[in-house]
Amino acid sequence: MKAIIINEYGGRDQLVEKNVNTPKPGPKDVLIEVYSTSVNPVDWKIREGYLKDNLQLKFPVVLGWDAAGVVKETGSAVTKFKPGDEVFTRPATERDGTYAELLAADEELVALKPKNLTFKEAASIPLVGLTAWQCLVDFAQIKEGQRVLIHAGGGGVGSFAIQLAKAKGAHVISTGSEDSESIIRESGADEFINYKSQDFTKAVQPVDIVFDTIGGDVQKNSYKVIKPGGVLVSIVSPPVQKDATNHSVKAGFVFLDPDGEELAEIGKLIEEGKIHPFVGEIFPLTQEGVRAAHELSESHHAKGKIIISVKE
């Protein structure tokens, strides 16, 4: 099968097209014919070697951790899916990624694709959706009527988190630049804070939850707007627990844990029309296409999710 691989850590020139062996599904695996995948910042961070001390990957590596496609084959112990099912998944980080024509994934990490989404739209969801869910639902235990501040709501995770928080009945405030205001408002934010012209610590009334996607001083200053007993959750860097204790705040760092059941819950919200994807530029599964997709992601100027079309 065709795949885009890296043979060593480095720049975009390490992304090369190659014919590789078709993955063999284990007893609990489904073999998925990939129609679409997407690019997330973690892809090029892994490619550059930033996470090599955290992840035990063996070269050659197929990057990519979002996929939507059709089940082609099932392992002998699979009970949830059958050939022909349209599915989406955030597969395990330690196994081969999704920049490929075929993917073997544990059935526990797979969910049926929402019926109202195309494969390209569905491929934009798993990583950002599960990240937002595990931060807001699992860690912060978001409740109806709470006030939530989401930093950088124009990004892939941020725009999904806004929609999820609104679906759970929260009042949502989001920071961003003037370039991201439209996507933040379209996501449903009740208040928009332009971080370039406004100091969020003065502009935001006390909130119950802060979702930190930036880290650094933004994370540290966020304690100023969290109610005692509130929550700070970060996907960038672990909060300093002493700071959290001093402000009577529950604080923590969340690293995504793939989960098919949670992905299915996200799928229900999508089918109910409470969450919709933002698809941006689409690239082909070619060496040039994936390199260009990484370049766009690294620019931090992508509007909507960057999609790689594998099969029409």
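Owing to the predicted nature of the structure, the values given are computational and were not obtained by experimental measurement.

Looking only at helices and strands, the chain features 10 helices and 16 strands. The globule rule puts the C-alpha radius of gyration for 312 residues at 20 Å, and the 19 Å found for the chain is close to it. Oriented by its inertia axes, the alpha-carbon framework of the chain measures out at about 55 × 40 × 35 Å. Residues counted as buried form 54% of the 312 residues belonging to the chain. Sequence-distant contacts in the chain: of pairs separated by 6 or more residues, those separated by 24 or more amount to 66%. Measuring between centres, the 35 positive side-chain charges of the chain sit 2 Å from its 44 negative side-chain charges.

What follows covers the packing of helix α3 (residues 126-139) against helix α4 (residues 156-167). Close contact between α3 and α4 brings their axes to 9 Å; oriented N to C, the two are set at 50°. Considered as vectors, α3 and α4 are oriented oblique to each other. The two elements α3 and α4 cross, and the hand of that crossing is right-handed. Between α3 and α4, the residues in contact are V128, G129, T131, A132, W133, L136 and V137 and G156, V157, F160, A161, L164 and A165, respectively. In the contact of α3 with α4, the residues fall into 10 nonpolar, 3 polar and no charged.

So, about the sheet that holds strand β11 (residues 191-194). Strand order across the open sheet formed by 6 strands is β11-β10-β9-β12-β13-β14, with parallel pairing between neighbours. On the outer flanks of this sheet lie β11 and β14 (250-253), each paired with one strand and no other. Recorded for the sheet is a direction-independent mean angle of 15° between the axes of neighbouring strands. Looking at chain direction, strand β13 (residues 226-234) and β14 are connected through 4 bridges and run parallel. Its bridge partner lying in β14, V233 is registered against G252.

Cut-offs applied
Residues numbered from 1 in each chain as written. Predicted model: local features only at pLDDT ≥ 70, side-chain atom pairs only at ≥ 80, totals over all residues. Heavy atoms only, no water. Helix = DSSP H or I, 4+ residues; strand = E, 2+ residues; numbered from the N terminus. Rg over C-alpha atoms; globule rule 2.2 N^0.38 Å. Buried < 20%, exposed > 50% of the residue type's maximum accessible area, 1.4 Å probe, protein only. Contact = heavy atoms within 4.5 Å. Lys, Arg positive; Asp, Glu negative; His and termini not counted. Charge placed at Lys NZ, Arg CZ, Asp CG, Glu CD. Axes fitted to C-alpha atoms, helices over the stretch in contact; angles between N-to-C directions. Parallel < 35°, antiparallel > 145°, perpendicular 65-115°, else oblique. Left-handed = near helix turned anticlockwise from the far one by under 90°. Nonpolar A, V, L, I, M, F, W, Y, C, P; charged D, E, K, R; others polar. Pairing = 2+ DSSP bridges.

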